[in-house]
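Below are the chains, spelled out letter by letter.
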Amino acid sequence: MDRNRQVVVLAGDGGLAIMLGELLTAVQHKLPIKIVVFDNAALSFVEVEMKAAGLVNFGTGLQNPDFGKVAQAVGMQGESVTRPEDLESALRRAFEYDGPALVSVAVERQELSMPPKIEAKQATGFAVYALRTVLAGNGREPIDLAKANALQLL
């Protein structure tokens, strides 16, 4: 690793949870990496794949720890951000810190990570997912999904 080059990791909460041991590695080797965690309490990519396949989400919710505190517990600079106005200062502190740092950012669970190209099969799958979700008695979920993603369409 070239310690003169800044390494930035953008990670989802599920991905980080799977690799928590790597935080210890970063501390042990004093790696100057900066980690930004998108914490939406879900396995979002799995949820998107399920929706695109027409399946109702099941078993994808996460009960996360405070990743900022976890980072601190292992010896990193760490903090958690829940308000947009606090993000810039938290990132500045992380990048000014001489060593590994982690900033956990609470994000909207329903906001989709869109693929670069949407295929007809995926759109059909989303329609089937929405119908099944409504029929399962959770008609609010497709509405919340649409609201959370309306800005992406503009």
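For the structure, see preceding data.
All of these numbers come straight from a predicted model, not from anything done at the bench.

A. Just the nonpolar core, in detail. L16, L23, A26, L31, I33, I35, V37, F67, A71, M76 and L102 form the largest nonpolar core, which has 11 residues in total. For this core, the secondary structure elements donating two or more residues are helix 2 (21-28), strand 2 (33-39) and helix 4 (67-73). Among the elements that line this core, the one with the most residues is strand 2, at 3 residues. Setting aside its immediate chain neighbours within four residues, V37 contacts A11, G12, D13, L16, F67, L102, V103, S104 and V105.

B. Quick look at the sheet that holds strand 3 (residues 77-81). In space, the 4 strands of this open sheet follow the order 1-2-4-3, with parallel pairing throughout. Each end of this open sheet is capped by a strand with a single partner; those strands are strand 1 (7-12) and strand 3. Within this sheet the neighbouring strands show an average axis-to-axis angle of 15 degrees, counted without direction. Where strand 2 and strand 4 (residues 101-106) come together, 6 bridges link them in parallel fashion. When the sheet's bridge partners are listed, K34 is paired in strand 4 with A101.

Reading guide: rules and limits
Residues numbered from 1 in each chain as written. Predicted model: local features only at pLDDT ≥ 70, side-chain atom pairs only at ≥ 80, totals over all residues. Heavy atoms only, no water. Core = buried A, V, L, I, M, F, W, Y, C linked by side-chain atoms within 4.5 Å. Buried < 20%, exposed > 50% of the residue type's maximum accessible area, 1.4 Å probe, protein only. Helix = DSSP H or I, 4+ residues; strand = E, 2+ residues; numbered from the N terminus. Contact = heavy atoms within 4.5 Å. Pairing = 2+ DSSP bridges. Axes fitted to C-alpha atoms, helices over the stretch in contact; angles between N-to-C directions.

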